[in-house]
Amino acid sequence: MAVADPNDVYLLRPLNNSPPTAEDKRHSAELEKFLRDAGLYEPDEDAYLRQEVLGLFYELTQTWVKGVCRKKNLNVEDARAHVYTFGSYRLGVHGPGADMDTLVVGPRYVLRDSDFFGSEKHCLQYMLSQTPDITDIQPVPDAFVPMIGIKYKGVQIDVLYAALAMQTLPETLDLSNHAVLRGCDEPTVRALNGCRVTDTMLKLVPRQDVFRTALRAVKHWASLRGIASNVTGYLGGVNLAIMVAKICQLYPRAEASTVLLKFFILLKAWPWPRAIHLRIPEEHSLGLPVWDPRPGTRDSLALMPVITPAYPAMNSLYNVQRSTLEVMTEEFAGAADICTSFLHCPPNKPIEWSRLFAPVPFFTQHSFYIQLEVSADSEGDLVLWDGWVSSRIRRLVRNLEDHVRVRPYPKAQKPPAALAKQLSDGQDAKAVLTDGEDAAAHKPQTEGDKDRTDGKDGGGAGKEGAEGAAAAAGGRPRLCYYIGIDKRAAAALTAQQLLPNGQVAQLPPHAQTGPAGAPAGKVDLKQPCTIFVNEVTAWAAKRPGMELRVNVLKKAALPAWLPGVPQRPQQQQQPAAADGKAAPAASGVKRAASEEPAQQQGPGAVPAAAQQPAKRSRVAPQVRTERHRWIFEYLDSHGGGERRVATRAAG
């Protein structure tokens, strides 16, 4: 039996090795100008500041390691640490204000738990807090890759630490050598792999200048389309870098504009879950776990695997879920259609790049939205609380995607300060809520917290739902996350689903939308929202004042300060009921999942009521025939051969 060539298995052969044309070079120059006009390149003075900050940080780490050495009565003369950068800064695709991913490598006696983190004088965390130009220190010891976030002279730096199994580090250290991984625990291996993956990637791309321009463009596109967040289940920086590097390998002589166009066209047709590789995965005697997609393994469940090129090979897109994969494939398809039209651009005519780099109209394209309001008593607490809540949004998406179509928006929205002040100057929180008690997955009452999510109803009382949430928060620091919700459409009815008794067979879950699909039935979102709130608020490090509020809003009830939301006139109050009280609004969660305009159904659509089997009632035959008239209309449009089945069903 013939053995498959690994170069074919991992798609490592170039698809096109033709040199670029003059038209390709002109389009690439236009693309780079478009990116510069969009402000994606850092000014020279900011670049000099980054270099200065890195130099100061390097000196600080040397002082830290020598201090730890003295505390442990070791030789100070040979004590040293190395500082490396990785990520977008190392790749050369960072923009203004972007953070710098930094790795500190130290000897084995400098420990992460007791010397890197900690409030004792010899700890790096303490030394950072005592440095005048360093602010916003955020230690995250429990992260997947433990780190300390700081701002050094206004430059955001994420500091990781790796202790090698060496008593003394050499003056020059090559992290690409597999020997540096020997004796390291998993967090250390993950920290080291950030640098190893970045350096390996730069070695594997044919032309680094083309790679950088194309990657900068793809990152800008992903940010505009709302799919640039690994923690939310979308694409992170390293994922995009590997994918762009793959296109550069397949078209080694292409210009940046061609790489960008081929990026979307190929990804539209990519047969997920086939993995993207830049090289054949390496095996080594160190025995570290590597990517293994064989049936029965954890890696075999990956939906969108993008494999890191450095040993040990890992899936860098492990956070992808069904919903986010569906969103990304739709975005790739839309971008591919635009890029295909660019390929037919007449000679000497510039490409209209703004068509491709158009922001997603997220706040106008969904019927309903789940609003997550994160608030705390101080800005420092909000940073911690927001980091925890945002890292758990994937759990809510996973619970929701079994019932509805879900699209999480990764960018936190901060309400205007003027709105917070206006709503904290004595306005009643209950009077501005739009969705009633059922519209929120209420947080359980906890000690020291006032449950501000129990507003009854003010449906249409003159403010949007998020503004009501702002009033409930009393003007405290807060952020809002939004998840777009749409009902899944049931598949069109077929003759095989008609039972002899006139009923309709139960449809399988997650039925695909057909051309004559009908909206699904009622879905109650309160349970998954409540489960999410209970899980998040059970955080062991939660402080008093940290609160989470969940609301379900119609598109028309979104606050006007959100990007893209049209300005609306002041809503009129609801007419008073007979007892003098305001007429209550419909149940927020159930309303959001069940209402659907009748005109959205296609001419051959099956009514939603027919999707669920109902109890058979005693009715006259002529009434039953009238009830099933839609079956005749549907089957007439799909051929007369099925008419006999409908006749038996109509009885």
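Residues numbered from 1 in each chain as written. Predicted model: local features only at pLDDT ≥ 70, side-chain atom pairs only at ≥ 80, totals over all residues. Heavy atoms only, no water.

- The chain carries the name Poly(A) polymerase in an unreviewed UniProt entry, which gives Chlamydomonas schloesseri as its organism.
- UniProt's Function (unreviewed entry) comment on the chain is quoted here verbatim: "Polymerase that creates the 3'-poly(A) tail of mRNA's." (UniProt positions renumbered as here; feature names shortened; annotations may be inferred.)

**Here we look at the environment of Ile280**
(1) Moving on: Residue placement: Ile280 occurs in the loop between helix H10 (256–268) and helix H11 (322–343).
(2) Moving on: Note on Ile280: relative accessible area 37%, which makes it partly exposed.
(3) Moving on: Ile280 has contacts with Pro6, Tyr10 and Leu12, leaving out every residue within four places of it along the chain. (Helix = DSSP H or I, 4+ residues; strand = E, 2+ residues; numbered from the N terminus. Buried < 20%, exposed > 50% of the residue type's maximum accessible area, 1.4 Å probe, protein only. Contact = heavy atoms within 4.5 Å.)

**Some remarks on the pairing of strand S1 (residues 82–86)**
(1) Moving on: Burial within S1 is extensive, with 4 of its 5 residues counted as buried.
(2) Moving on: Judged from the 5 bridges that link them, S1 and strand S2 (residues 100–106) form a sheet pairing that is antiparallel. Its bridge partner being in S2, His82 is matched across the sheet by Val105. (Pairing = 2+ DSSP bridges.)

**As for the sheet that holds S1**
(1) Moving on: On the basis of which strands lie adjacent, the open sheet formed by 5 strands has the order S1-S2-S5-S4-S3 and mixed pairing. Edge strands, defined here as strands with exactly one partner in the open sheet, are S1 and strand S3 (134–140). Ignoring which end each strand starts from, the neighbouring axes of this sheet average 25° apart.
(2) Moving on: For S2 and strand S5 (residues 155–163), the ladder comprises 7 bridges, and the chain directions are parallel. (Axes fitted to C-alpha atoms, helices over the stretch in contact; angles between N-to-C directions.)

**Observations concerning helix H16 (residues 526–537)**
Because each turn of an α-helix spans 3.6 residues, side chains separated by three or four positions in sequence point in the same direction.
(1) Moving on: The terminal C-alpha atoms of H16 lie 16 Å apart, and with 12 residues this matches the ideal 16 Å at 1.5 Å per residue to within 8%.
(2) Moving on: Every buried residue of H16 is listed here: Pro528, Cys529, Phe532, Val533, Val536 and Thr537. Across the axial projection of H16, the buried residues extend over an arc of 155°, all falling on one side. (Expected span 1.5 Å × (residues − 1). Arc of directions from axis to C-beta.)

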